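Analysis of the macromolecular model
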Amino acid sequence: MSLLIPHLDESNPTPLYIQLYQYVKHEIINGRLSPGYRLPSKRKWSRHLQVSLNTVDNAYQQLIAEGLVESKPRKGLFVVSLETDLLSSDFETPKPTPTWTQPVFSQQIDINFHQGNPDLKHFPFQQWRKYFSQVCMSDALIHHYPEDPQGEWELREEIAHYLYASRGVSASPDQIILGAGTLPLISLLCRIIGTEHAFAMEDPGFTRARATLQSHGVSVQPIPLDQEGIQFTALQKSRAKAVYVTPSHQFPLGTIMSFSRRMQLLKWARDNHAFIVEDDYDSEFRYHGRPIPSLQGLDHWERVIYIGTFSKSLLPGIRIGYMVLPPVLLERYRNHFSWEKQTASPLHQQTLQRFMKEGEWERHLHRMRTLYRKKHQVLIKEIERQLGEAVQIIGARTGLHILLRVHQRWEETELVQRSQKEGVAVYPISVYYTCPDKALPSTVMLGFGGLTLHQIREGIGRLAKAWLSSTSIE
Ligand SMILES: Cc1ncc(COP(=O)(O)O)c(C=O)c1O
């Protein structure tokens, strides 16, 4: 009994039963409660801790549900052996997920066409620092607790206004949950929706999202793409109950989902009581035509979960993303998951809120749109001038990356290696396919956000040298 002295804090917004459950779980995982250890009876422990029987019972139910303890009739609750549990043959191992490694360049790279790099030189660091200092000096942080698990209310208000005005997303701040980027939000969503139903996903698609779903034990069904977006007949056949799409700018192919495909998806979701996860990761940057409204804005049946991020439009290092939940999922979140801590830093949330409120965000977006449009124009012009008929440009209507299909005999790996020989990094696209053999042949990805105009011109010149000469690369 001496081991079991949890510190339960009544003033903490996390319910007591969760605190108790977390304490026992922690002790089990750390090995301080070993396999076979018998937990105190509910009655004994509730008296000892001066909490209700229900509090202990709820904590125990959660531990049983997670397989950390087992109930033996008329004997009590016992800690299970985690190792044997994990090794036993009937334990369902998650599907293999890709391991993620930073690319190791064998050559010195001085022009990096990485799709995740934004333009750092034009980020208004001075203003950001000013608002950050204001936040640090204000009382807001001292009086901050209990914090809102959905994230700072005022920031959610700013985001709701922005989404409505620019993306046609209809969301009250109430429906928005902030998080430290897209992946933690997908993890949370898995818990809210549940993991028993299959998720359909674009193939090729956002590998990290696929890995996140699989790591939760969700079965992911890859669906190929056509000119209009995710193939609808394949989706219908999949029997999935949710689908993950990037309609404004398919990642990585760059397709923009047609209006009729959007309507098909929405009706599919309505008829099948399914959900659509709309990842609108870089819709701010569009170079041709009018902005396309979000799927969420077209949804009359409350089946769309809208996810956005500040990683592309601001900086990836700020680590703030947002998710707009339809009412039915919001209720589930509130009932079961609102005890979870907010993952995005309150310091950055409050800084961002001031940044948006003072109009810096709109000014920044305006500047970046002009700048990225210019970079995009130069990139396309230089490709046409220096690579001409030797390549086909794919997916160049929007966003911060394009694909280049090279009409040469080189395979993807060779294209990447030849570029590196010239000090230029371009990226394979086969990693985004569930079956890399099915990737578009001889195609690589080029992001241009983080490069100067000079680097773009120079980089394309070096690619022409790398790819158009017939010398071997040993
Ligand atoms: C399709 C897609 N969604 C979202 C993101 C952003 O992820 P995060 O918000 O975690 O930075 C990326 C980043 O490359 C992406 O490619």
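Remember, predicted model here, so these are calculated numbers, not experimental data.

Once that is clear, we can look at the overall build of the protein. Counting secondary structure elements, the protein contains 16 helices and 17 strands. Seen along its three principal axes, the alpha-carbon backbone of the protein occupies a region of about 80 × 55 × 50 Å. In the protein, buried positions account for 51% of the 474 residues. The long-range share in the protein, meaning contacts at least 24 apart out of those at least 6 apart in sequence, stands at 73%. Element-wise, carbon and sulfur atoms account for 51% of the exposed surface of the protein, whose accessible area totals about 23100 Å². A gap of 1 Å separates the mean positions of the 53 positive and 48 negative side-chain charges of the protein.

As a further point, take the domain arrangement of the protein. According to the domain assignment, the protein consists of domain 1 (16-87), domain 2 (111-118 + 363-468) and domain 3 (125-358). On a C-alpha basis, the centroid separation for the pair domain 1 and domain 3 is 35 Å.

Each turn of an α-helix holds 3.6 residues, which means side chains three or four residues apart point in the same direction. Look at helix H13 (residues 346-357): 16 Å from first C-alpha to last across 12 residues, which is about the 16 Å you get at 1.5 Å a residue. The set of residues buried in H13 consists of Pro346, Gln349, Gln350, Thr351, Leu352, Gln353, Phe355 and Met356. Residues of H13 that are buried make contact with helix H5 (125-137), helix H6 (153-167), strand E4 (176-179) and helix H14 (360-386). Backbone geometry just after H13 places Gly359 at a positive phi near 85 degrees.

A word on the site of the ligand. Surveying the vicinity of the ligand reveals the residues Gln115, Gly181, Thr182, Phe206, Phe251, Asp279, Tyr281, Thr309, Ser311, Lys312 and Arg319. At 2.7 Å, a side-chain N or O of Thr309 approaches an oxygen atom of the ligand. Its free accessible area being 400 Å², the ligand has 90% of it covered by the protein chains. In terms of residue class, the shell around the ligand is built from three nonpolar, five polar and three charged.

The next subject is the nonpolar core. If you look at the biggest cluster of nonpolar residues, it comprises 59 residues, and the most contacted ones within it are Phe113 and Trp467. Two domains share this core, each providing at least three of its residues, namely domain 2 (111-118 + 363-468) and domain 3 (125-358). Filtering out sequence-adjacent residues up to four positions away, Trp467 remains in contact with Leu387, Leu404, Val406, Gln408, Trp410, Leu415, Arg418, Ser419, Val426 and Val444.

Time to look at the environment of Pro316. Inspection of the secondary structure puts Pro316 in the loop between strand E11 (304-309) and strand E12 (321-324). In sequence terms Pro316 and Gly116 are 200 residues apart; their C-alpha atoms lie 7.9 Å from each other.

Our next topic: the pairing of strand E14 (residues 401-406). With five of six residues buried, E14 is to be regarded as a mostly interior element. Note: strand E13 (residues 391-394) against E14, four bridges, orientation antiparallel. Residue pairing for E14: Ile394 is matched across the bridge by Leu403. Two strands pair when backbone bridges link them, and E14 and strand E17 (residues 443-447) are joined in this way by five bridges, in the antiparallel orientation. Each residue of the ladder has a partner; that of Ile402, found in E17, is Leu446.

Here the focus is unusual backbone geometry. A cis amide bond links Asp203 with the next residue in sequence, Pro204, at an omega value of 10 degrees. Looking at the secondary structure, you find Pro204 in the loop between strand E5 (199-202) and helix H8 (207-215). Of note, the amide linkage connecting Phe251 to Pro252 takes the cis form, showing an omega dihedral of 10 degrees. Note on placement: Pro252 falls in the loop between strand E9 (242-245) and helix H10 (259-272). Positive phi, normally seen in glycine, also occurs at Gln50, with a value near 60 degrees. Backbone geometry at Arg74 places phi at a positive 60 degrees, although glycine is not the residue there. Relative to the helices and strands, Arg74 is located in the loop between strand E1 (69-72) and strand E2 (76-79).

Strand order in the open sheet formed by seven strands is E4-E12-E11-E10-E9-E5-E6, with mixed pairing between adjacent strands. On the outer flanks of this sheet lie E4 and strand E6 (220-223), each paired with one strand and no other. For this sheet, the mean inter-axis angle between neighbouring strands, taken without regard to orientation, is 20 degrees. Here E9 pairs with strand E10 (residues 275-279) via four bridges, running parallel. Residue pairing in the sheet places Val245 in a bridge with Glu278 of E10. Here H8 sits on the sheet in contact with E5, E6 and E9, set at roughly 165 degrees to E5.

Let us look at the sheet that holds E14. The strand order across the open sheet built from four strands is E13-E14-E17-E16, with neighbouring strands paired in antiparallel fashion. Strands with a single pairing partner mark the edges of an open sheet, and in this sheet they are E13 and strand E16 (427-428).

Criteria and thresholds
- Residues numbered from 1 in each chain as written.
- Predicted model: local features only at pLDDT ≥ 70, side-chain atom pairs only at ≥ 80, totals over all residues.
- Heavy atoms only, no water.
- Helix = DSSP H or I, 4+ residues; strand = E, 2+ residues; numbered from the N terminus.
- Buried < 20%, exposed > 50% of the residue type's maximum accessible area, 1.4 Å probe, protein only.
- Contact = heavy atoms within 4.5 Å.
- Areas by Shrake-Rupley, 256 points an atom, 1.4 Å probe, with all protein chains shown as cover.
- Lys, Arg positive; Asp, Glu negative; His and termini not counted.
- Charge placed at Lys NZ, Arg CZ, Asp CG, Glu CD.
- Domains from an automatic or database assignment.
- Expected span 1.5 Å × (residues − 1).
- Near = heavy atom within 4 Å.
- Polar contact = N/O pair within 3.5 Å; in protein donor to acceptor, adjacent residues only side chain to side chain.
- Nonpolar A, V, L, I, M, F, W, Y, C, P; charged D, E, K, R; others polar.
- Core = buried A, V, L, I, M, F, W, Y, C linked by side-chain atoms within 4.5 Å.
- Pairing = 2+ DSSP bridges.
- Axes fitted to C-alpha atoms, helices over the stretch in contact; angles between N-to-C directions.

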